[in-house]
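Here are the chains, one letter per residue:
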Amino acid sequence: MASDFPQRTGLYVDGEWIESTDETITVTDPRAPDEVVAEFAAGTREDAGLAVDAAVAAQDEWASLTSHERGAYLHDAADALESRFDELAELMVREMGKCLGAAEGETQRAIDLLNYYAEVARDYGGDAPPSASDATSIRTRREPLGTAALITPWNYPIAIPAWKMGPALVAGNTVVLKPASLTPAIGAELVRAFDEAGIPDGVVNFVPGSGSTVGDEFVTSEGTDVVSFTGSYAVGKHVQRDAAEMGKRVQCEMGGKNPLVVDASADLDRAVDLTIAGGVSGLAGQACTATSRVVVFEEVAEEFTERLVSAVEDLTIGDPLDPETDVGPKASGSNLEKDLEYVEIGDSEGATLLTGGERLDREGHYVSPAIFGDVDPDMRLAQEEVFGPVISVISVEDFDEAVDVANDVEYGLSAGICTNRLDHAEAFIDRAETGVVKVNQTTGGVEMQMPFGGRKHSSSETYKEQGRQAIDFYSHEKAVYVTR
Ligand code: NAP
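Residues numbered from 1 in each chain as written. Predicted model: local features only at pLDDT ≥ 70, side-chain atom pairs only at ≥ 80, totals over all residues. Heavy atoms only, no water.

(A) Quick peek at the pairing of strand 10 (residues 226-230). Counting buried positions over the five residues of strand 10 gives five, a clear majority of the element. Here strand 10 shows two buried faces, one formed by Val226, Ser228 and Thr230 and the other by Val227 and Phe229. Relative to strand 10, strand 7 (residues 147-151) runs parallel, the two sharing four bridges. Bridge pairing links Ala149 to Val227 in strand 10. One crossover worth recording links strand 10 to the parallel strand 11 (residues 249-253) by way of helix 8 (residues 233-245), and it is right-handed. (Buried < 20%, exposed > 50% of the residue type's maximum accessible area, 1.4 Å probe, protein only. Helix = DSSP H or I, 4+ residues; strand = E, 2+ residues; numbered from the N terminus. Pairing = 2+ DSSP bridges. Right-handed = clockwise from strand over helix to strand, strands pointing away.)

Written out as structure tokens, the structure is:
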């Protein structure tokens, strides 16, 4: 059961849970780093190769099922997740430290994603527009690509694998999944749900292990046909290059440096709530769509900043399993160190630390949320992805400057504006150089029926994830002409 710790995570290859020949890696609780949450058998390059072989061998038979039949396995896997809902949410909290409410939301999202793609599968497979000729019928057909390599990060450790597996499987591909090394146990639970659903051997394979061996083997193996990666730009740019060089279809969704613009018409309390919900609470800033820059009109900057600092100081930092907690620990010691490093960088660049930015004097990877004022848009603090609760407040003179600052970063994932002016809202939607744009919403949080992906360094911009469009990535489209 998921609530027994430590969890033991093996490899799932060709329908069997097996041990690796390599070392065992331990995952510790971010709240109490001496406590072991999971031990996993780190797969080797050879293990990854066995998983690919199994997936390739299973592909024809899986593709020969109807999409309705494939979708039925997704429904059953969703039911299996639902039957262990509370244990899964708790495991996620213990493995990577997000707050319980966020972990429950993500668990529900994984269930919903599998059910959604199971339903989309009933109504997916091609179009049949009318032909120009009476004697001819025309239609398109969707066909699977083959075996999909799925490589995922730790911050959404069950939702991201689910939003890749769902469309890949209903399109008729088999999959090999490599979870992040920080979160193998929750990834294994998703795979276990497919096992319980009776998915045919070899259709789903799971190999935890290091990115540079297992991940690289999945990307560069002759057996995989398509690669879907979510993670940092530093890794993703190499994955994209390596996969593309081999002629594979590849999709990389990567980091963000997401702005929330607050204009002079905005309800400032709402703007504060959106900033905290988007960049601080729940995940401690560890979301690709997290708000990390607030771009505020100068006439309201002082008032907004005062209210933001006061609200942040009122947050409860503590045990993420406690429903009263607003901010839990960082997922790992190195994530905490990175936040502290950026606090130093901000200081040394001349930004003013208004609150937080300190390691808490308690067990666990806890840092107090940091708000910086006097931030210049060119500072590293305002340009680089921190991936923690470190918010830069940047003051601007007018709307044009706000848009310029919002866009002037290498990333382009999500951007938000808090405003009561329709002209500002519409102009911002028009001019934001991002894949997602939000009005009076947090920069984070998306709906699964909508396409998701970024621009610039946030994405390979090859295909979108989520929504019906996600299936396009995992399938060929064939145009068929039949004349009687
Ligand atoms: P990461 O370090 O890039 O790792 C992502 C995945 O790639 C992990 O499974 C990792 O394995 C694997 N990997 C590492 N080196 C590899 C290699 N040479 N070849 C193939 N795979 C390799 O990212 P992370 O720290 O897990 O996640 C945080 C990042 O993900 C942030 O930048 C965040 O913005 C981004 N993210 C983006 C989205 C989005 O949809 N745009 C969503 C969530 C997160 P190991 O764990 O074993 O190193």
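(B) Looking closely at the sheet that holds strand 1 (residues 7-9). One open sheet accounts for three strands, arranged 1-5-4; its pairing is mixed. Unpaired on one side and paired on the other, strand 1 and strand 4 (24-29) mark the two borders of the sheet. Across the sheet, the mean angle from the axis of one strand to that of its neighbour is 35°, orientation sign disregarded. The pairing of strand 4 with strand 5 (residues 32-41) spans six bridges and is classified as antiparallel. (Axes fitted to C-alpha atoms, helices over the stretch in contact; angles between N-to-C directions.)

(C) Spatial organisation of the pattern of salt bridges. Applying the stated criterion to the full structure yields 27 salt bridges. A salt bridge links Asp423 to Arg421; its shortest N-O distance comes to 2.6 Å. Under the relative-accessibility criterion, Asp423 is labelled partly exposed at 43%. Here Arg421 falls in the partly exposed class, since its relative accessible area comes to 38%. Residues joined by salt bridges that share partners form a network here, namely Arg84, Glu189, Arg192 and Glu196. (Salt bridge = Lys/Arg side-chain N within 4 Å of Asp/Glu carboxyl O.)

(D) Spatial organisation of the site of the ligand. Not every one of the 30 residues close to the ligand is listed here, only the nearest: Thr152, Ser181, Ser232, Met254 and Glu385. In the environment of the ligand, an oxygen atom lies 2.8 Å from a nitrogen or oxygen atom belonging to the backbone of Thr152. Here Met254 contributes a backbone N or O atom positioned 2.7 Å from a nitrogen atom of the ligand. With respect to the detected pockets, the ligand is housed in the largest pocket. (Near = heavy atom within 4 Å. Polar contact = N/O pair within 3.5 Å; in protein donor to acceptor, adjacent residues only side chain to side chain. 1 Å grid on protein atoms, 1.4 Å probe; cavity = no way out; pocket = protein on both sides within 12 Å on 5 of 7 lines; lining within 4 Å. Sits in = over half its atoms within 2 Å of the grid points.)

(E) Inspection of the environment of Met450 at higher detail. Position of Met450 among the secondary structure elements: in the loop between strand 19 (436-439) and strand 20 (455-456). On the basis of relative accessibility, which here comes to 52%, the residue Met450 falls in the exposed class. In sequence terms Met450 and Gln469 are 19 residues apart; their C-alpha atoms lie 8.5 Å from each other. Dropping the residues within four chain positions of it, Met450 is found in contact with Glu465, Gln466 and Gly467. (Contact = heavy atoms within 4.5 Å.)

(F) Region of the structure containing the side chain of Arg293. Residue position: Arg293 is located in strand 13 (residues 291-297). It turns out Arg293 is buried and unbridged, and the closest side chain with the opposite charge, Asp408, is 7.4 Å from it. Polar contacts involving the side chain of Arg293 include one to the main-chain carbonyl oxygen of Lys257, which spans 2.9 Å. In terms of polar contacts, Arg293 uses its side chain to reach the backbone carbonyl oxygen of Ala406, at 2.9 Å. Filtering out sequence-adjacent residues up to four positions away, Arg293 remains in contact with Lys257, Asn258, Pro259, Leu260, Ala382, Ser392, Ile394, Val405, Ala406 and Val409. (Lys, Arg positive; Asp, Glu negative; His and termini not counted.)

(G) The arrangement of the layout of surface pockets in detail. Considering only enclosed or pocket space, the largest pocket measures out at about 830 Å³ in volume. Forming the walls of the largest pocket are 39 residues, and the residues nearest its centre are Pro153, Phe229, Gly231, Ser232 and Val235. Those elements that place two or more of their residues in the lining of the largest pocket are helix 5 (159-170), helix 7 (211-220), strand 10, helix 8 and helix 11 (333-349). Classifying every residue of the lining of the largest pocket gives 21 nonpolar, twelve polar and six charged. Approximately 520 Å³ is the volume attributed to the second largest pocket. Forming the walls of the second largest pocket are 26 residues, and the residues nearest its centre are Tyr156, Leu283, Gly444, Gly445 and Val446. Of all the secondary structure elements, the ones that give two or more residues to the lining of the second largest pocket are helix 4 (100-120) and helix 9 (268-279). With five residues, helix 4 is the single largest residue contributor to the lining of the second largest pocket. Of the residues assigned to the lining of the second largest pocket, the class counts are eleven nonpolar, twelve polar and three charged. (Points joined across faces, edges and corners; volume = space filled by probe spheres on them. Nonpolar A, V, L, I, M, F, W, Y, C, P; charged D, E, K, R; others polar.)

(H) Seen up close, the sheet that holds strand 16 (residues 390-396). The sheet built from seven strands is open, its strands ordered 14-15-16-13-12-18-19 with mixed pairing. What marks the edges here is a single partner per strand, and that holds for strand 14 (352-355) and strand 19. On average, each strand axis in the sheet is tilted by 25° relative to the strand beside it, whichever way the strands run. As paired strands, strand 15 (residues 370-373) and strand 16 are joined by three bridges and run parallel to one another. Note on strand 16: the bridge partner recorded for Ala370 is Val390. Set on the sheet, helix 14 (residues 422-431) makes contact with strand 12 (258-262), strand 13, strand 18 (414-418) and strand 19; between it and strand 18 the angle comes to about 170°.

(I) Looking closely at helix 2 (residues 67-83). Between its first and last C-alpha, helix 2 extends 25 Å over 17 residues, near the 24 Å set by a 1.5 Å rise per residue. When we look at burial in helix 2, the residues that qualify are Ser67, Arg70, Gly71, Leu74, Ala77, Ala78, Ala80 and Leu81. Taken end-on, helix 2 shows its buried residues confined to a sector of 165°, consistent with a single buried face. Packed against the buried residues of helix 2 are helix 1 (45-64), helix 3 (85-96), helix 4, helix 5 and helix 6 (184-196). (Expected span 1.5 Å × (residues − 1). Arc of directions from axis to C-beta.)

(J) Region of interest: empty space enclosed by the protein. Tallied over the entire structure, the rule returns three cavities of 30 Å³ or more. Counted as a void, the largest cavity has a volume near 90 Å³. Residue composition of the lining of the largest cavity, grouped by class: six nonpolar, six polar and two charged. One number sums up the size of the second largest cavity: a volume of about 50 Å³. Around the second largest cavity sit 13 residues that line it, and Pro259, Arg293, Ala406, Tyr411 and Thr434 are the ones nearest its centre. For the lining of the second largest cavity, the secondary-structure elements that each account for two or more residues are helix 13 (399-407), strand 17 (411-412) and strand 18.

Geometric values such as these leave the question of function open.
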